[in-house]
Amino acid sequence: MSIKKIGVLTSGGDAPGMNAAIRSVVRTAISHNIEVLGIKNGYKGLLAGDIVQLKSRDVSDIIHRGGTILQTARCKEFMKAEYQERGADMCRVFGMEGLVVIGGDGSFQGAEKLANLGINTVGIPGTIDLDIGCTEYTIGFDTAVNTAMDAINRILDTSSSHSRCSIVEVMGRNAGYIALWCAIDTGSEIVILPEMHDITDDDIIKNIVENRNRGKKHFLIVVAEGVGASDALAHKVEHITGIESRVTVLGHLQRGGSPSALDRMHASLMGVHAVDLLVEGKAKRVVSYVKGEYVDYDINEALKMKKELSQEMLRASKILSVK
């Protein structure tokens, strides 16, 4: 039996490229004569029945826009079984024979619950944090890194002019991928990540002093937000070394902006793959990018996969930081 109607939603934190993924899902589905329903505000909107039909024209001129036209929200209620059952019932009420969920691990956990309740679901990884274990790439990461890198480059200009120590806090509550990439790409002396447990304030200050003794005039420390305590670190560095220190928290600046070519391409191809899976009768899947190919995993299996920071990148960061 062919599929006649599917839904699509974006959930959790927004990421540049989500609109490109929505566009791809809608137009690929329409090419198969499948009606698409857009669910607004993620699982919160699903529970409320905030659902509209999406036609090809509705997704015109959105591929270049950041954010998500469907909007997004975090829905704590959806962690409870009674709300998951209500969400599955709402899918049935609207006649959805498949659901595409664009988001991160939390969003996939919701999709897993719906799948276990009989709703055909396919997940597309959309998060700037790059922290989904089953895939080497997540939509939004490239744009977020480039946005942060551009901001840090500007900060370095003024840091150099004033001979300062600049501590820049980038996003990444539980994962340090953005921070590590930014540190390597901007020539940071030090990077501090949630995954690092062996670096102390004394290690950081010693590094700065040794680089100053080699003739370095200004300094950059990149910190992932999950580590925190950036203000306290700046105060300690300035107090002990006498080097003027300033903190810049980039925050949600990294979530916005027009998606990069890489994010648009991954989002578009992942969207096609997701709809193709539903057309083929496959459900409870997560689309992934592995070794240059788009593949898919069982959603239960995907959520069990863990990702670790590249030891090669960590080693390179330390080598390249020596002035």
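All of these numbers come straight from a predicted model, not from anything done at the bench. (Residues numbered from 1 in each chain as written. Predicted model: local features only at pLDDT ≥ 70, side-chain atom pairs only at ≥ 80, totals over all residues. Heavy atoms only, no water.)

(A) Broad picture of the sheet that holds strand β8 (residues 219-224). Overall, parallel pairing links the 4 strands, which are arranged β7-β8-β6-β9 in an open sheet. The sheet is open, and its two edges are formed by β7 (190-192) and β9 (245-249), each paired on a single side. Adjacent strand axes in the sheet meet at a mean angle of 20°, parallel and antiparallel pairs treated alike. Where β7 and β8 come together, 3 bridges link them in parallel fashion. Directly across from Val-191, in β8, lies its bridge partner Val-222. The strands touched by helix α5 (residues 141-162) within the sheet are β6 (165-170), β8 and β9, with β6 carrying the most contacts at an inclination of about 165°. Along the sheet, helix α7 (residues 201-213) contacts β6, β7 and β8; its crossing angle with β8, the most-contacted strand, is approximately 155°. (Pairing = 2+ DSSP bridges. Helix = DSSP H or I, 4+ residues; strand = E, 2+ residues; numbered from the N terminus. Axes fitted to C-alpha atoms, helices over the stretch in contact; angles between N-to-C directions. Contact = heavy atoms within 4.5 Å.)

(B) Geometry of the pattern of salt bridges. Scanning the model with the defined rule gives 9 salt bridges in all. Of the charged contacts in the structure, one is a salt bridge between Asp-150 and Arg-154, with a shortest N-O distance of 3.0 Å. On the criterion of helical spacing, the pair formed by Asp-150 and Arg-154 is a turn pair, its members being 4 residues apart in helix α5. Here Arg-246 and Glu-244 are joined by a salt bridge, their closest N and O atoms 2.7 Å apart. Taken together, the shared-partner salt bridges connect Arg-164, Glu-238, Glu-244 and Arg-246 into one network. (Salt bridge = Lys/Arg side-chain N within 4 Å of Asp/Glu carboxyl O.)

(C) Fine view of the nonpolar core. By size, the foremost hydrophobic cluster in this structure holds 59 residues, and its most contacted members are Ile-6, Ile-152, Val-170, Ile-178 and Val-222. The leading source of residues in this core is α5, at 8 residues. Once you skip the residues sitting within four places of it in the chain, Val-170 turns out to touch Ala-148, Ile-152, Ile-178, Ala-179, Val-222, Val-223, Ala-224, Glu-225, Leu-250 and Gln-254. (Core = buried A, V, L, I, M, F, W, Y, C linked by side-chain atoms within 4.5 Å. Buried < 20%, exposed > 50% of the residue type's maximum accessible area, 1.4 Å probe, protein only.)

(D) Expanded view of the pairing of β8. Among the 6 residues in β8, 6 count as buried, and that is most of the element. Burial along β8 is two-sided: Phe-219, Ile-221 and Val-223 facing one way and Leu-220, Val-222 and Ala-224 facing the other are all buried. With 6 bridges joining them, β6 and β8 adopt parallel strand pairing. Paired with Cys-165 across the bridge in β8 is Phe-219.

(E) Spotlight on the environment of Gly-251. Position of Gly-251 among the secondary structure elements: in the loop between β9 and α9 (261-279). As a C-alpha pair, Gly-251 and Glu-169 span 82 residues in sequence and 7.7 Å in three-dimensional space. Excluding residues within four positions of it along the chain, Gly-251 makes contact with Glu-169 and Met-171.

(F) Up close: the layout of surface pockets. Each pocket or cavity is described by its volume, and for the largest pocket that value is around 1,200 Å³. Every residue lining the largest pocket is counted, 44 residues in all, and those nearest its centre are Arg-74, Gly-104, Asp-105, Gly-106 and Ser-107. Listing elements by their share of the lining of the largest pocket, those giving two or more residues are α4 (105-116), β6 and α10 (299-304). Residue contributions to the lining of the largest pocket peak at 7 residues, all from α4. Of the residues in the lining of the largest pocket, the class split is 14 nonpolar, 17 polar and 13 charged. Computed from the structure, the second largest pocket encloses a volume of approximately 350 Å³. (1 Å grid on protein atoms, 1.4 Å probe; cavity = no way out; pocket = protein on both sides within 12 Å on 5 of 7 lines; lining within 4 Å. Points joined across faces, edges and corners; volume = space filled by probe spheres on them. Nonpolar A, V, L, I, M, F, W, Y, C, P; charged D, E, K, R; others polar.)

(G) The arrangement of the state of the cysteines in detail. For the coordinates displayed, the defined rule picks out 0 disulfides. For Cys-165, which is in no disulfide, the shortest distance to another cysteine sulfur is to Cys-182 and amounts to 16 Å. Residue classification places Cys-182 among the buried positions, given a relative accessible area of 0%. (Disulfide = S-S within 2.5 Å.)

(H) Structural detail: the sheet that holds strand β4 (residues 99-103). What the 7 strands build is an open sheet, ordered β3-β2-β1-β4-β5-β10-β11; its pairing is mixed. Lying at the two open borders of the sheet, with one neighbouring strand each, are β3 (51-54) and β11 (293-298). Neighbour-to-neighbour, the strand axes of this sheet turn through a mean angle of 30°, independent of strand direction.

(I) Here's a closer look at the packing of α7 against helix α8 (residues 230-241). Interaxial distance between α7 and α8 falls to 11 Å at its minimum, and their mutual angle equals 50°. The angle between the axes of α7 and α8 places the two elements in the oblique class. Like other packed secondary-structure pairs, α7 and α8 cross with a definite hand, here right-handed. Together, Asp-201, Asp-202, Ile-204, Ile-205, Ile-208, Val-209 and Arg-212 of α7 and Leu-233, Lys-236, Val-237, Ile-240 and Thr-241 of α8 make up the contact between the two elements. Its residues assigned to classes, the contact of α7 with α8 comprises 7 nonpolar, 1 polar and 4 charged. (Parallel < 35°, antiparallel > 145°, perpendicular 65-115°, else oblique. Left-handed = near helix turned anticlockwise from the far one by under 90°.)

(J) Examining the packing of α5 against helix α6 (residues 177-186) more closely. Between α5 and α6, whose axes approach to 9 Å, the crossing angle comes to 45°. For the element pair α5 / α6, the angle class is oblique. At the point where α5 passes α6, the crossing takes the right-handed sense. Residue-level inspection shows Phe-141, Ala-144, Val-145, Ala-148, Met-149, Ile-152, Asn-153 and Leu-156 of α5 in contact with α6, the latter providing Tyr-177, Ile-178, Trp-181, Cys-182, Asp-185 and Thr-186. Taken together, the residues of the contact of α5 with α6 break down into 11 nonpolar, 2 polar and 1 charged.

Geometry only, nothing functional implied.
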